[in-house]
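# Structural overview for review
One-letter residues, chain by chain:
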Amino acid sequence: MTAVGERTAVDDARAALLDLVAPVEETESVALADADDRVLATAIDAPRAVPHYDRAAMDGYAVRAADVVDAGERAPVRLDLAEGVEKRDDDDDSEGEEPEYGPGRAISVDTGEPMPTGADAVVMVERTERVGDEVLVFEAVAPGENVGAEGEDVEAGARLFDAGHRLAPADLGLLRVVGLDDVEVYRRPRVVLIPTGEELVSADPEPGEVVESNSLTVGRYVGRWGGEAERFDPVTDDSEALRAALREASGERDADLFLTMGGTSAGERDHVPGAVESIGSVERHGVALQPGHPVGFGLVGETPVVMLPGYPVGCLVAATALVRPAVSRLASRPITDPPTTEATLARKLASPVGTRTYARVALDDGVATPIRARGSGVLSSVTEADGWVVVPEETEGFPEGHTVQVEHWEGSK
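If you're wondering where the values come from, they're calculated on a predicted model, not measured in any experiment.

With that settled, the discussion passes to the overall build of the chain. When helices and strands are tallied, the chain shows seven helices and 28 strands. Its C-alpha atoms give the chain a radius of gyration of 32 Å, clearly above 22 Å, the size a compact globule of 413 residues would have. On the principal axes, the C-alpha backbone points of the chain span a range of 95 × 55 × 40 Å. Per-residue burial for the chain yields a buried fraction of 45% across its 413 residues. Distance from the positive charge centre (37 side chains) to the negative charge centre (79 side chains) of the chain: 5 Å.

If you want it as structure tokens, here you go:
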């Protein structure tokens, strides 16, 4: 076990944690309405074309293009209006005949209606005039003009998405129109959260007590990152109680990953690393991260566990730096960096060499102003911030006026 004072570099810690994590292979079928942001477990080919018939793309008259090739403003072509031709209802799946007619005739069509058999173009209604049983056409059209051909959008059998594709709302619409009602996706990884500390309460704290909020905050981010969070009630600072919770998380609750919160430092009541070590292994404890350096991780059985610090800001920073990529891998999502905005520093940012500092900043018109309340327990400093500036390990910080990239952890998905 790495002692908390022997801090592992952030990138090395992340790589070591990811070595313990494998994507969830179990799949499930879900309705399209519930498939937003899910990851496909199988490739999908279109079972039918879109559109699935040749259709009019404009209101007007369906014609044979060859019949109106000489049509013009001063010399319109006269066509007989086809009457008594039964049009197929687009919602009717019966095997009826499609409307048809011979050369020199036209039939009125509305946008989206099936094209009559034999017609190959539509003249817009604005370029025609109806006179009794005839239609005057004032403009020539080419074959296929103003016609939505079958398969114009999607051909039947075309590959729509490969396995591993993360579904977006527009994707669901496409899957619906090609005829699908459900899809096969990877199960969301189960992430169990275990807040620890005898001082934690759910509400109305007395002096010396603290309202437990880390599991709410981190649990919601776990959901954004592709997991499904489940929360334990706070566990007291007792080694046996911690071991019992860890066994339950890896056993009865069948977690793919679990997160402890609190009890990771070097105080008399910081028993989490020891509890993990006693029934599993601690691979790393202490990461060169500020805030959040007491974070660690290991295994209980075959289940990875990340030991997050209890201070809210340190907990969030450590979760974003380490848990986010771990959940992404479990969920078969690509591991990506958070979105950034370029800005100019309003004042100097200091950072100890050898530590990666996540400095909270407020953004205003391209200027990043560091939040003065920098303590790891000052949760309001996170809500006041628009993001953070990451100061790398090899530098002592950035001077006033330096151009920086502001990471938006709220946009991190």
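Where strand E5 (residues 77-81) and strand E9 (residues 134-137) come together, four bridges link them in antiparallel fashion. Counterpart to Leu79 in the pairing with E9 is Val135. Here strand E8 (residues 128-131) folds back onto E9 in antiparallel fashion, the turn holding two residues, of which Gly132 has a positive phi close to 60 degrees.

Let us look at the nonpolar core. Here is a general trend for soluble globular proteins: nonpolar side chains tend to be buried in one another's company. One finds Leu259, Leu289, Val306, Leu308 and Val323 to be the most contacted residues of the largest nonpolar core, which totals 39 residues. Of all elements in the fold, only helix H1 (10-18), strand E13 (190-195), helix H3 (214-224), strand E17 (257-261), strand E21 (303-308) and helix H6 (312-330) reach the threshold of two or more residues within this core. Among residues more than four places away in sequence, those in contact with Leu308 are Leu259, Thr260, Met261, Gly262, Thr264, Val295, Cys315, Ala318, Ala319 and Val323.

Another aspect to go through is the sheet that holds E9. Sheet architecture is open: six strands sit in the order E7-E4-E6-E5-E9-E8, paired in mixed fashion. Strand pairing shows two members of the sheet lacking a second neighbour, strand E7 (121-124) and E8, which therefore form its edges. Here the average twist between neighbouring strands, direction ignored, is 40 degrees. The pairing of strand E4 (residues 60-63) with E7 spans four bridges and is antiparallel. Its bridge partner lying in E7, Val63 is registered against Ala121.

What follows concerns the environment of Val123. Among the structural elements, Val123 can be located in strand E7. Not counting residues within four places of it along the chain, the set of residues in contact with Val123 comprises Asp59, Gly60, Tyr61, Val63, Thr128, Val137, Glu139 and Val141.

So, about the side chain of Thr260. Inspection of the secondary structure assignment puts Thr260 in strand E17. The contacts of Thr260, once residues within four sequence positions are left out, are Ile194, Leu246, Val272, Val305, Val306, Met307 and Leu308.

Once that is clear, we can look at H3. All buried positions along H3 are accounted for by Asn214, Ser215, Val218, Gly219, Tyr221 and Val222. Viewed along the axis of H3, the buried residues span an arc of 165 degrees, placing them on a single side of the element. Residues of H3 that are exposed and angled more than 90 degrees away from the buried face: Leu216 and Arg220. The inward-facing, buried residues of H3 contact E13, strand E16 (228-231), E17 and H6. Following H3 by one or two positions, Gly226 has its phi on the positive side, about 110 degrees.

Another point: the packing of aromatic side chains. Scanning the entire structure with this criterion turns up three aromatic pairs. Ring centres of Tyr221 and Trp225 lie 5.7 Å apart, and the angle between their planes is 25 degrees; on these two criteria the pair is classed as stacked. Overall, the relative accessible area of 7% leaves Tyr221 in the buried class. When the ring of Tyr358 is compared with that of Trp388, the centres are 5.3 Å apart and the planes differ by 90 degrees; the resulting orientation is edge-to-face. Residue Tyr358 is located in strand E24 (residues 356-364), and its partner Trp388 is located in strand E26 (residues 387-391); the two are separated by 30 residues in the primary sequence. In this structure Tyr358 comes out as buried when scored by relative accessible area, which is 6%. Of the residues examined, Trp388 reaches a relative accessible area of 1% and is grouped as buried. Taken together, the aromatic side chains of Tyr358, Trp388 and Trp409 make up a single cluster linked through ring pairs.

Our focus in this paragraph is the environment of Glu139. Relative to the helices and strands, Glu139 resides in the loop between E9 and strand E10 (147-148). Once you skip the residues sitting within four places of it in the chain, Glu139 turns out to touch Ala71, Val123 and Arg127.

Sheet architecture is open: six strands sit in the order E16-E13-E17-E21-E20-E18, paired in mixed fashion. Single-partner strands in this sheet number two, and they are E16 and strand E18 (281-285). Sheet twist, expressed as the mean angle between neighbouring strand axes with direction ignored, is 20 degrees. Relative to E17, E13 is paired through five bridges, and the arrangement is parallel.

Further remarks concern the pattern of salt bridges. With the rule as written, the count across this model stands at 18 salt bridges. Close ionic contact of Glu240 with Arg247 constitutes a salt bridge, the shortest N to O distance being 3.8 Å. Of the residues examined, Arg247 reaches a relative accessible area of 43% and is grouped as partly exposed.

What follows concerns the side chain of Glu407. By the secondary structure assignment, Glu407 is in strand E28 (residues 403-407). Among buried Asp, Glu, Lys and Arg side chains, Glu407 stands out as unpaired, with Arg324 the closest opposite charge at 7.3 Å. In this view, Glu407 contacts Pro338, Pro339, Thr340, Tyr358, Asp386, Gly387, Trp388 and Val390; residues no more than four positions away in its chain are not counted.

With an omega dihedral of -10 degrees, the bond running from Val50 to Pro51 counts as a cis peptide bond. Looking along the chain, the bond that leaves Gln290 and enters Pro291 is cis, with omega of -5 degrees. Counting through the fold element by element, Pro291 comes out in the loop between strand E19 (289-290) and strand E20 (296-300). Look at Asp37: it is not a glycine, yet its phi comes out positive at around 70 degrees.

Rules used in this analysis
Residues numbered from 1 in each chain as written. Predicted model: local features only at pLDDT ≥ 70, side-chain atom pairs only at ≥ 80, totals over all residues. Heavy atoms only, no water. Helix = DSSP H or I, 4+ residues; strand = E, 2+ residues; numbered from the N terminus. Rg over C-alpha atoms; globule rule 2.2 N^0.38 Å. Buried < 20%, exposed > 50% of the residue type's maximum accessible area, 1.4 Å probe, protein only. Lys, Arg positive; Asp, Glu negative; His and termini not counted. Charge placed at Lys NZ, Arg CZ, Asp CG, Glu CD. Pairing = 2+ DSSP bridges. Core = buried A, V, L, I, M, F, W, Y, C linked by side-chain atoms within 4.5 Å. Contact = heavy atoms within 4.5 Å. Axes fitted to C-alpha atoms, helices over the stretch in contact; angles between N-to-C directions. Arc of directions from axis to C-beta. Phe/Tyr/Trp six-rings, centres within 6.5 Å; stacked < 30°, edge-to-face > 60°. Salt bridge = Lys/Arg side-chain N within 4 Å of Asp/Glu carboxyl O.

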